[in-house]
Structures are given as C-alpha cells and as structure tokens.
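Each chain, written out:
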Amino acid sequence: MQSRLNKRRATTLAGGLTVLALTGLGVTAAGAAPAHADSSTQTFLVTLYGWPDNSPPGNAIAYPENEGYPTDHDAAGGTGTYNDPITFATDQDELPIGTIVYYPYLHRYFVMEDDCTECDEDWTGSGPDGGPGLNHIDLWINGEDAQDSDDVINCEDNLTRNSADVIIDPPSDEAVDTTPLFDSSSDTCYDPSSFSG
C-alpha cells in the first residue's frame, strides 16, 4: 500500500515535531487536541456500483449488520456523514469489514460492508515488488428506481478515478455533502465541484 504525505498530514507532522521540541524544553501547550492518531491517506482505484450492476441487482450486501458484522446497514445505503457512512466494497484483507474511510473527491464518509470481485482480484494480484496488488474500493451510488439504468452506469463511470487519495480511519469532522451521488428522481449524477464546503 502506498502512503502519501499530503499537505494536511505534513502540517500535522510539523505540528507534532514542534510539540515534541517544546516538550523537550519543558514547555507544554494546554488544551491542544491531538490529531486522529490512526488516520492514514492511501491512493486507490475508486470505482462505483449501484442497484443495476450489483450482483445480484439490488442493494444486498455481503456483510449486513443484522448478521452480526461490525457494519452500519442491513443493505447498501447511507447518507455520507460520519454517523451514517455510505456502503463501500473491497477485499476484506485490504480493509477490514467495518472500516470507515473519507473520500475527499466526493466529500463524504464510507464504510466497508460489501465484497467486490474486481477489488479482490486487484488486491490479491501480485504488485511490481511481489507484494499486494492494486488498492481498489468500490463505492455505493444507489440508483434504485432510476428512469434509465444506463444513466446510473454512466454516472459510475464519470465519478470513477484511477488514482485518488482516500483517508482511512478519518477524523469525524471532515466536510460532508449529502447530495445523492445519483438522484433517481431526476436521473442526474453528482457533480463534485458543486460543493462549496
């Protein structure tokens, strides 16, 4: 897995080094909140899936909460907030069931609740150094009651990114847009640039 030191992480690292330096000199800052210690940013192939191309078509998931999994839903869903993340799928050895991620490009949180055959194949494929293969997550877009299922597929394709940063185990206060990724009432696809944050 690749790890990137983006501006936010670099700022956090610089702040942490400053605190260490001041602590070494006997100076402490009262009330300073630590960064979310478990967060990491990784690069993924990010695809999307929905009602028409789920297998079988519908909103069934591999790891529903009502079967005892540490997930949030019994079927694919969610609004994208930290407390109600949207379903995503991947290989459970890549990201464990119940893992929450934040995807800055779509301005929302997702939770690992489903399996994805292509993700499994990408993850278990051998990488250039003999290690794990390609990081790949598949995000739920919904699309139930779409007027044209091709519009759902086209939206999935439009929002797919071959290489995008995803925050694993993110803090709970990232900016969120709960606009549907695919709006079946108007058959329209989400425009990430429409969010002002």
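For the structure, check the block above.
Residues numbered from 1 in each chain as written. Predicted model: local features only at pLDDT ≥ 70, side-chain atom pairs only at ≥ 80, totals over all residues. Heavy atoms only, no water.

*Asks:* Explain the environment of Gly98 to me, please; I cannot follow it from the model alone.
*Replies:* By secondary structure assignment, the location of Gly98 is in the loop between β2 (86-89) and β3 (100-103). A relative accessible area of 24% places Gly98 in the partly exposed class. Taking the C-alpha atoms as reference points, Gly98 and Val111, 13 residues apart in sequence, are found 5.8 Å from one another. Contacts of Gly98, omitting those with residues within four sequence positions, involve Pro70, Thr71, Val111 and Met112. (Helix = DSSP H or I, 4+ residues; strand = E, 2+ residues; numbered from the N terminus. Buried < 20%, exposed > 50% of the residue type's maximum accessible area, 1.4 Å probe, protein only. Contact = heavy atoms within 4.5 Å.)

*Asks:* Whenever I open this one, unusual backbone geometry confuses me. Can you help?
*Replies:* Working note: non-glycine residues mostly have negative phi, and peptide bonds are mostly trans. Across the junction of Ser55 and Pro56, the peptide omega takes the value 0°, indicating a cis bond. A positive phi angle, close to 60°, is found at His107, a residue other than glycine. Mapped onto the fold, His107 is located in the loop between β3 and β4 (108-114). A relative accessible area of 14% places His107 in the buried class. Of note in this structure, Asn142 is not a glycine but carries a positive phi near 75°. Relative to the helices and strands, Asn142 is located in strand β5 (residues 136-142).

*Asks:* What should I look at first to understand the environment of Leu95 in this one?
*Replies:* Looking at the element boundaries, Leu95 is found in the loop between β2 and β3. A relative accessible area of 5% places Leu95 in the buried class. The residues touching Leu95, leaving out its near neighbours within four places in the chain, are Phe44, Phe88, Thr90, Val101, Met112, Ile137 and Ile168.

*Asks:* How do you make sense of helix α2 (residues 117-124) when you look at a structure like this?
*Replies:* Two residues of an α-helix separated by three or four positions point the same way, owing to the 3.6 residues in each turn. Inspection of α2 places Cys119, Asp120 and Trp123 among the buried residues, and these make up the whole buried set. Buried positions in α2, seen along its axis, are confined to an arc of 100° and lie on one side of it. Looking at the buried side of α2, the elements it contacts are β2 and β5. (Arc of directions from axis to C-beta.)

*Asks:* What am I meant to see in the environment of Ser40 here?
*Replies:* For Ser40, the position within the fold is in strand β1 (residues 40-50). Sequence separation of Ser40 and Asp165 is 125 residues, and the distance between their C-alpha atoms is 9.9 Å. In this structure the side chain of Ser40 is engaged in a polar contact, spanning 3.5 Å, whose partner is the side chain of Gln42. (Polar contact = N/O pair within 3.5 Å; in protein donor to acceptor, adjacent residues only side chain to side chain.)

*Asks:* Hey, could you run me through the state of the cysteines in this one?
*Replies:* Linking two cysteines covalently through their sulfur atoms gives a disulfide. This model, assessed by the stated rule, comprises two disulfides. Here the chain pairs its bonded cysteines, counted in sequence order, in the arrangement 1-2, 3-4. (Disulfide = S-S within 2.5 Å.)

*Asks:* Help me understand the nonpolar core, please; the structure alone is not making it clear to me.
*Replies:* Ranked by internal contacts, the top residues of the largest apolar core, which has 32 residues, are Leu106, Phe110 and Leu139. Contributing elements (two or more residues each) for this core: β1, β2, β3, β4, β5, α3 (149-159) and β6 (161-168). If we ignore the near neighbours within four places in the chain, the residues touching Leu139 are Val46, Thr47, Leu48, Tyr49, Thr87, Phe88, Tyr103, Leu106 and Phe110. Tyr102, Tyr109, Val111 and Ile167 belong to the second-largest nonpolar core, a separate cluster that totals five residues. (Core = buried A, V, L, I, M, F, W, Y, C linked by side-chain atoms within 4.5 Å.)

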